[in-house]
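The residues making up each chain are set out below.
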Amino acid sequence: MSSREVPELPETETIARDLDGAIRGRQIKKVSVRKADVLREVSARTFAKRLLDARILRSWRRAKLVVLDLDTGDRIVVQPRFTGALLIDDGELKQSELNYSTMRLTLDDGRALHYSDVRRLGTVALMNSDRFEEYTSKLGIEPLDRSFTAAHLSAVLRATSQPVKKVLMEQRKIAGIGNIYANEALWRARIDPSRPAASVGLEEATLLRSSIVGVLKEAIEARGTSFRDYRDARGERGGFVEKLDVYGRGGSSCHRCGSKLVATHAIDGRATVMCIRCQH
Ligand SMILES: [Zn+2]
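## What to know about the sheet that holds strand E1 (residues 28-33)
Thinking step 1. Here 4 strands make up an open sheet; going across it, the order is E1-E7-E8-E6 and the pairing antiparallel. Here the strands that pair on one side only, and so sit at the sheet edges, are E1 and strand E6 (84-89). Recorded for the sheet is a direction-independent mean angle of 15° between the axes of neighbouring strands.
Thinking step 2. As paired strands, E6 and strand E8 (residues 112-117) are joined by 6 bridges and run antiparallel to one another. Paired with Ile 88 across the bridge in E8 is Leu 113.
Thinking step 3. On the sheet, helix H1 (residues 9-23) packs against E6, strand E7 (101-107) and E8 and is oriented at approximately 20° with respect to E6.

Structure representation (structure tokens):
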């Protein structure tokens with residue numbers, strides 16, 4: 001697959017869950033920052049000082065962020081973006097895998113957590129709980145929360161005449177959906193991605209909501225989608241690529257009606273793939 005995409009909700013969820021299983025309860029015994037330009041909110045010195053001896057309570061996801069809660073009240077907030085990866089070095093990692101390590105957190109069991117990033121477009125922030133609340137209050141609703149109802153989605157869509165696909169990817173409205181899953185959900189719901197969001201009725205919004213939830217849950221189950229640069233925390237690629245209906249399939253046949261899928265960049269500058277016959 002040639003397109004460059006950032007990890008979306010399922011990929012980020014996979015990273016956060018893997019990390020939770022691997023490092024929950026561990027204490028940080030040593031902090032070494034090699035490339036401070038990935039840091040946000042704090043200096044390398046403050047970062048190291050506040051992390052030393054902190055215990056990791058859990059790893060979880062909000063939007064496209066991996067969040068590590070610490071027993072000090074601080075949170076490490078990682079936004080992997082294009083090439084960021086959280087890698088656990090238990091002595092098995094190859095040197096080549098650590099070439100792009102920007103920081104190393106040595107844990108009390110001797111393993112180390114690295115944030116590695118080839119292009120260093122991702123970020124690692126340290127926030128106290130007030131700052132974290134403020135920061136995340138600007139993010140939209142979580143699509144896998146119970147509060148993400150058809151009525152809620154319908155209200156979001158009715159408020160704007162922008163293309164429906166663009167609205168789905170707007171992080172201040174709905175968190176975690178990017179280009180891959182917006183394409184997939186709209187195909188499942190048979191909605192033309194270019195349609196003004198306000199023209200999507202409640203019945204269609206109901207179908208779109210269940211399409212979004214369905215595709216995200218299936219993708220989490222498959223550990224996300226495989227694409228260039230994305231690696232999960234175990235250093236593997238996701239399996240949802242086998243299940244994509246439209247993304248990356250321009251020119252191939254529609255899995256529903258057999259028509260040739262059309263790829264365009266005209267809607268939002270990103271690759272949109274759709275079935276003209278099914279999505280009108
Ligand atoms: Zn079709």
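## A word on the pattern of salt bridges
Thinking step 1. One pass over the full model with this rule turns up 20 salt bridges.
Thinking step 2. Across the pair Asp 109 and Arg 26 runs a salt bridge whose closest N-O atoms are separated by 3.7 Å. Of this pair, Asp 109 sits in the loop between E7 and E8 while Arg 26 is found in the loop between H1 and E1, placing the two residues 83 residues apart along the sequence.
Thinking step 3. Across the pair Arg 131 and Glu 41 runs a salt bridge, and its minimum N-O distance is 2.8 Å.

## Comments concerning the packing of aromatic side chains
Thinking step 1. Summed over all chains, the structure comprises 2 aromatic pairs.
Thinking step 2. Residues Tyr 181 and Phe 240 carry aromatic rings whose centres are separated by 6.0 Å and whose planes lie at 45° to one another, so their mutual orientation is tilted. Remark: Phe 240 occurs in the loop between helix H7 (202-221) and strand E10 (262-264) and Tyr 181 occurs in helix H6 (residues 179-188); sequence separation between them is 59 residues.
Thinking step 3. Look at Tyr 181 and you get buried, because its relative accessible area is 1%.
Thinking step 4. Owing to a relative accessible area of 0%, Phe 240 belongs among the buried residues under this scheme.
Thinking step 5. Lying across the ring of Phe 82, Arg 119 places its NZ or CZ 5.3 Å from the centre.

Thresholds applied
Residues numbered from 1 in each chain as written. Predicted model: local features only at pLDDT ≥ 70, side-chain atom pairs only at ≥ 80, totals over all residues. Heavy atoms only, no water. Pairing = 2+ DSSP bridges. Helix = DSSP H or I, 4+ residues; strand = E, 2+ residues; numbered from the N terminus. Axes fitted to C-alpha atoms, helices over the stretch in contact; angles between N-to-C directions. Contact = heavy atoms within 4.5 Å. Salt bridge = Lys/Arg side-chain N within 4 Å of Asp/Glu carboxyl O. Phe/Tyr/Trp six-rings, centres within 6.5 Å; stacked < 30°, edge-to-face > 60°. Buried < 20%, exposed > 50% of the residue type's maximum accessible area, 1.4 Å probe, protein only. Lys NZ or Arg CZ within 6 Å of the ring centre and 35° of its normal.

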